[in-house]
Amino acid sequence: MHILIFTKDLVDGDTQRIVATLANYWAGRRREVTVVTLAPEDGDSYVFDPGVQRISLNLDDDGVDMTRALRRSVRAVAALRRILAALRPEVVLAMTSTASVLLAFASYRLGLCTVGSETGYHSVSLLDRACTMLRRPMYRYLDAVVAQTGKDAEWLGTHLQAARVAVIPNVALSPFPQYAPRIAPSALVGAGRRVLLAIGPLDRERQFGLLLQAFSELTSIHPGWHLVILGEGPQRPALEEIARLSAAPMRIHLPGIAGNLGEWYVRADLYVMTAQPNGFPNGLAEALSHGLPAVSFDSDTGTRDVIRHGVDGLMVAPGDVAQLSESLERLMRDDELRRCFAVRARDACDRFSFARVAALWEDLFGEVAAARGHRREDAGLAGRARGKG
């Protein structure tokens, strides 16, 4: 089977990591795999198996103005269509809503099996905004659209005209692959110290300012704990200022992007997520799969698909700093409760294992291919019937 994966870019991120992991997995199983991106290859953060064919359209959107974004999308559709027509893959998988809409245009009447996916990625670029508006009329031309959570699938089925909606969660990788740059845990936090870990872009959506506030209230009660936030983004200056003015600035660390997340999951004692996920919360699932208990703001579009409240973590009301601080304090002071949660958290290894998730993708590919084959047979029978008439 030849699988072509189309996405916007392969710059460090959850969706990009899943693309690279799936591509390498299928290449290792002797599948023919092609990865196509809008963005240039020189921005790639991931290394592919030698069996993966890598193609770039060099047409990433820079968000200058709507006219240029639309022209670029037309060029992207034309370029992708040429690739699809030349390679004729058995299945084409688009990752992110933008890529899914472009695929719907590019594959029109080519007779290919096409699968789109909603990853919860919402960019501010004009191309992404334009494609978001086109989901409803264009998703009906895809054989299936994949959502990461049941709530997302319900929304897609109600509001969009997708022919079929399937639910496939992301993979919680364990053990975790390592990429550059490496930030050694021992370089920031000494032995014997506890680590509260958070991961994600330093942007407004992650609400790390609320986390800093909650942690600052606990520093005098728990002097042995450090907060480490791994990520980079536009909110760094504001977060650094909040940390500087906190009660214990030397115990708050914002070292940037780390490619060795697995080492940090192993080193940490507790994971925290303050974002309101608009898709599957990858970091949360990965933390649990490494045996990390977690505290997270509640959400029915991701969090509840991962954390089992009172079993392997605690969920608190969105934006409630007092409740967040209280839940963190409860787990920070109770070693036995953290240990019990950690043991149960490892169930995520099975719930979101690579073998299970990859099998879900392959089952879907087989089903949409079979359905398309049946439609061809039905169309052929109808044509022959008309000819006899």
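Residues numbered from 1 in each chain as written. Predicted model: local features only at pLDDT ≥ 70, side-chain atom pairs only at ≥ 80, totals over all residues. Heavy atoms only, no water.

### Overview of the nonpolar core
Point 1. Counting residues in each nonpolar core, the largest one holds 63 residues, and the members touching the most others are Leu197, Tyr265, Tyr271 and Trp361.
Point 2. Val36, Leu84, Ala104 and Leu112 belong to the second-largest nonpolar core, a separate cluster that totals 32 residues. (Core = buried A, V, L, I, M, F, W, Y, C linked by side-chain atoms within 4.5 Å. Buried < 20%, exposed > 50% of the residue type's maximum accessible area, 1.4 Å probe, protein only.)

### Considerations on the state of the cysteines
Point 1. Applying the stated criterion across every chain yields a total of zero disulfides.
Point 2. Cysteine 340 takes part in no disulfide bond, and the closest cysteine sulfur, belonging to cysteine 349, lies 18 Å away.
Point 3. When its relative accessible area of 25% is taken as the criterion, cysteine 349 is described as partly exposed. (Disulfide = S-S within 2.5 Å.)

### Focus on unusual backbone geometry
Point 1. A positive phi angle, close to 50 degrees, is found at arginine 88, a residue other than glycine.
Point 2. Within the element layout of this structure, arginine 88 appears in the loop between helix H2 (66–87) and strand S4 (91–94).
Point 3. Take arginine 88: its relative accessible area is 41%, and that puts it in the partly exposed class.
Point 4. One non-glycine residue with positive phi stands out, namely glutamine 207, at about 55 degrees.
Point 5. Looking at the element boundaries, glutamine 207 is found in the loop between strand S8 (194–199) and helix H8 (208–216).
Point 6. Its relative accessible area of 23% is what places glutamine 207 among the partly exposed residues. (Helix = DSSP H or I, 4+ residues; strand = E, 2+ residues; numbered from the N terminus.)

### Looking at the sheet that holds strand S10 (residues 252–256)
Point 1. Taken together, the six strands give an open sheet; going across it, the order is S10-S9-S8-S11-S12-S13, and neighbouring strands pair in parallel fashion. Whereas interior strands pair on both sides, the edge strands pair on one side only; in this sheet they are S10 and strand S13 (313–316). With strand direction ignored, the average angle separating the axes of adjacent strands in the sheet is 20 degrees.
Point 2. Relative to strand S12 (residues 294–297), strand S11 (residues 270–273) runs parallel, the two sharing three bridges. Counted as the bridge partner of tyrosine 271 is alanine 294 from S12.
Point 3. Of the strands in this sheet, S11 and S12 touch helix H11 (residues 282–289), which is tilted by about 165 degrees from S11. (Pairing = 2+ DSSP bridges. Axes fitted to C-alpha atoms, helices over the stretch in contact; angles between N-to-C directions. Contact = heavy atoms within 4.5 Å.)

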